[in-house]
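# Residue-level structural notes
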Amino acid sequence: MISERAGEGRHVFVCLMLKSVLFLIFISFLLFQQDVLCQLNKPTRDASASIVGSTADARICPYTSIIDSSGVLFMYWLDLSVPSGKLSKSTDNGDTWIFVGTMTENSSSHFFRESVIKVGSTWYSSYHRTSPSPCVTFTATSTNGYNFTATNSGSPLFNSGEDRSLIYNTDSNKFYCYIRPKVDTMRRLIGLTKSSNFTSWTSIDTILKVDISDFNNTSSIDFRKQFYSMTVVRNGADWWGLVNVLHNNDSGTFIDKYQDPSTYKDNDQTVEVQLVHSSDGINWRRCNNRQAFITRVSGIKECFGVPTIIGNEMWIYTFESERRHTYYDDNHINGRYFNIWRYKISLTDLNEWRPPVELNLKTAIEGFYNTSNNKLIITDTVSVKIRNSVSPFNLVKTIKSRIDSVLYTGSFNLESIEPGNYYIVVEGRNCVETWSNGSIYIGSVDSISYDFTSSSSQAYGNNQILKNSTYCIYSGDINQDGNVNYTDVLEVFGDVSNGTTGYVDTDLSGNYIVDLSDLNIAYNNSNNFVAVVKP
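All figures in this text were calculated on a predicted structure; none of them were measured in a lab. (Residues numbered from 1 in each chain as written. Predicted model: local features only at pLDDT ≥ 70, side-chain atom pairs only at ≥ 80, totals over all residues. Heavy atoms only, no water.)

### Points about the overall build of the chain
Counting its regular elements, the chain contains five helices and 36 strands. Put simply, the chain has 535 residues, and 48% of those count as buried. Within the chain, contacts between residues separated by at least 24 positions form 56% of all contacts whose residues are at least 6 apart in sequence. As displayed, the chain offers around 24,300 Å² of accessible surface, 50% of which is attributable to carbon and sulfur atoms. (Helix = DSSP H or I, 4+ residues; strand = E, 2+ residues; numbered from the N terminus. Buried < 20%, exposed > 50% of the residue type's maximum accessible area, 1.4 Å probe, protein only. Contact = heavy atoms within 4.5 Å. Areas by Shrake-Rupley, 256 points an atom, 1.4 Å probe, with all protein chains shown as cover.)

### Focus on the nonpolar core
Core analysis: the largest hydrophobic core is formed by 30 residues, its most contacted members being Leu359, Leu361, Ile386, Phe412, Leu414, Ile424 and Ile442. Elements supplying a minimum of two residues to this core: β25 (357–362), β28 (380–388), β29 (395–403), β30 (409–414), β31 (420–427), β33 (440–442) and β34 (447–451). When near neighbours in sequence (up to four residues on either side) are disregarded, Leu361 contacts Val384, Tyr408, Thr409, Gly410, Phe412, Ile424, Val426, Tyr450 and Phe452. (Core = buried A, V, L, I, M, F, W, Y, C linked by side-chain atoms within 4.5 Å.)

### Notes on the confidence of the model for the chain
The pLDDT averaged across the chain works out to 84; a share of 81% of its residues lies at or above 70. Confidence, read as mean pLDDT per element, is least for helix α1 (residues 2–38) in the chain (43) and greatest for strand β32 (residues 434–435) (98). Taken as a whole, residues 1–37 scores under 50 in pLDDT and shows one contact with residues more than four places along the chain or in a different chain. (pLDDT = per-residue confidence, 0-100.)

### A look at the pattern of salt bridges
Enumeration over the complete set of coordinates arrives at 13 salt bridges. The closest approach of N and O atoms between Asp380 and Arg429, which form a salt bridge, is 2.8 Å. Pair noted here: Asp380 is in strand β28 and Arg429 is in the loop between β31 and β32, with a separation of 49 residues, a long-range link. The same class applies to Asp380 and to Arg429, which are both buried. Between Glu427 and Lys385 there is a salt bridge, with the nearest N and O atoms lying 3.5 Å from each other. You can see Glu427 sitting in strand β31 and its partner Lys385 sitting in strand β28, a full 42 residues away along the chain. (Salt bridge = Lys/Arg side-chain N within 4 Å of Asp/Glu carboxyl O.)

### As for helix α5 (residues 516–527)
Between its first and last C-alpha, α5 extends 16 Å over 12 residues, near the 16 Å set by a 1.5 Å rise per residue. Looking at α5, one finds that the buried residues are Asp518, Leu519, Ile521, Ala522, Asn525 and Ser526. One side of α5 holds all its buried residues, which, seen down the axis, span an arc of 160°. One or two steps after α5, the chain reaches Phe529, where phi turns positive at roughly 55°. (Expected span 1.5 Å × (residues − 1). Arc of directions from axis to C-beta.)

### A look at the sheet that holds strand β15 (residues 174–179)
Strand order in the open sheet made by the four strands is β14-β15-β16-β17, with antiparallel pairing throughout. With one partner strand each, in any of the chains shown, β14 (164–169) and β17 (205–208) form the two edges of the open sheet. Across the sheet, the mean angle from the axis of one strand to that of its neighbour is 35°, orientation sign disregarded. Sheet topology places strand β16 (residues 190–195) next to β17; three bridges connect them, and they run antiparallel. For Gly191, the partnering residue across the bridge sits in β17 and is Thr206. (Pairing = 2+ DSSP bridges. Axes fitted to C-alpha atoms, helices over the stretch in contact; angles between N-to-C directions.)

### Observations regarding unusual backbone geometry
With an omega of 10°, the peptide bond running from Ser391 to Pro392 counts as cis. One can find Pro392 in the loop between β28 and β29. Look at Tyr512: it is not a glycine, yet its phi comes out positive at around 70°. Positionally, Tyr512 belongs in the loop between α4 (486–498) and α5. Among the residues examined, Tyr512 registers a relative accessible area of 42% and is labelled partly exposed.

### Brief notes about the packing of aromatic side chains
Following the criterion strictly, the structure yields 22 aromatic pairs and no others. With a centroid separation of 6.5 Å and 80° between ring planes, the pair formed by Tyr76 and Trp123 is classed as edge-to-face. Of the two residues, Tyr76 sits in strand β5 (residues 72–79) while Trp123 sits in strand β10 (residues 122–129), which places them 47 residues apart along the sequence. In terms of burial, Tyr76 and Trp123 fall into one category: buried. Linked through ring pairs, Tyr124, Phe158, Tyr168, Phe175, Phe198 and Trp201 together constitute an aromatic cluster. Here the basic side chain of Arg429 rests over the ring of Tyr503, its NZ or CZ set 3.8 Å away from the ring centre. (Phe/Tyr/Trp six-rings, centres within 6.5 Å; stacked < 30°, edge-to-face > 60°. Lys NZ or Arg CZ within 6 Å of the ring centre and 35° of its normal.)

### Structural notes on the sheet that holds β30
In space, the three strands of this open sheet follow the order β30-β25-β34, with mixed pairing throughout. Of all the strands in the sheet, just β30 and β34 have a single pairing partner and so form its edges. Across the sheet, the mean angle from the axis of one strand to that of its neighbour is 20°, orientation sign disregarded.

Written as structure tokens, this is what we have:
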């Protein structure tokens, strides 16, 4: 009796230990998965910008990207002791910067350009002034990049906001100005205004603003992140924005900005660079769960960055400071600006930061469709292949998911796909590969939907069969060679003869028994020469 109880005790102990080990393995797997999802490659700091004639207090203009003009790079920067912007150039791939000139407007010095771009042989600039009130926008042009002439006879163009950056949209031949509208200092957001002639501008539309996830305390706007500015570059169909994000009282304790910074905690009043993505320059999405795109090094409290595409890389030039973003630190700078730094990331790694698009797909498979209750007999897994819209229709991505037996729906997570037009191709373990009727645009949106069941024309070449009121993908391609033929029929026949059961490919009806109903489906589709129809 004692030995039996001891044996039972050891058995219970072993079972508990096994359950504990399995639980730890499961938790470790979840943590690993979470870690994998977050571990995108970030830009790597590779050099500081050596600017001839600069001081330790030099900083890059935080709203103007490096300009690549026929292999010569141009940088706008500021010496904090002098309010005028300065222009330097590099002919050695950004290693050394040579002074070109101090920026002026109509021969007036002490002139600071917030954002400058070069289109053709002309340099365009936009900036704001708060005096006289209200905050208004001015523009100017130049032929050499530093001697500017005011447009509109030097008169303001429109009431605006402060920090802004320019980009020229070659698709629409319009200037885009990403601007921080003058709302109030506690509600910083990003707006967009456009112009065809650099003089007449559209009203400012809000395109990016914080939401509930950016609040540390939802009861007060004092405890939240804010968008300080955004600088944009394009690479093909991808629009990338670097948003300089201000952490406003992250610790949840309100502290006066005039107060000594020693009382601040953690990320209070710090600035980091986050990445956003768009496929049209208007609709933007946050990347990688709003994690910092550039990791601040130890001791740095503010990091502002501007992006440029150079070859097969994105270069980000930053200026970084030990001080926090407070009025106290504005008045006690004490040389606490570091040099201008350069970071690099390959376009391959950058593209991994594209936000995923959720494909909500609706499809039904002929053999699994139960005409008596209009449901699928089983919930089964299908593969979705995303293919380019032009010949040879290269495969871009394959994703698997399960199709619900009641709603015929499945959710497919499309990660890191370049914005563009693609065919959606559905494959199952025993059905005919079926293509979408045409190419579908996949861009910078949270989700897209496609319904194969609503019409035969939803499939390329109307290649579906109607069951009651639902259009279904043909069943019977057991060997996945693109045709339902006698090879498939013979394979089903063999399993019918052997009384095969279970989750097998020859079970076309999904009832876990290979019988005459499966043979009938394969035989009919073979006689009707059912096959893949694709462009």
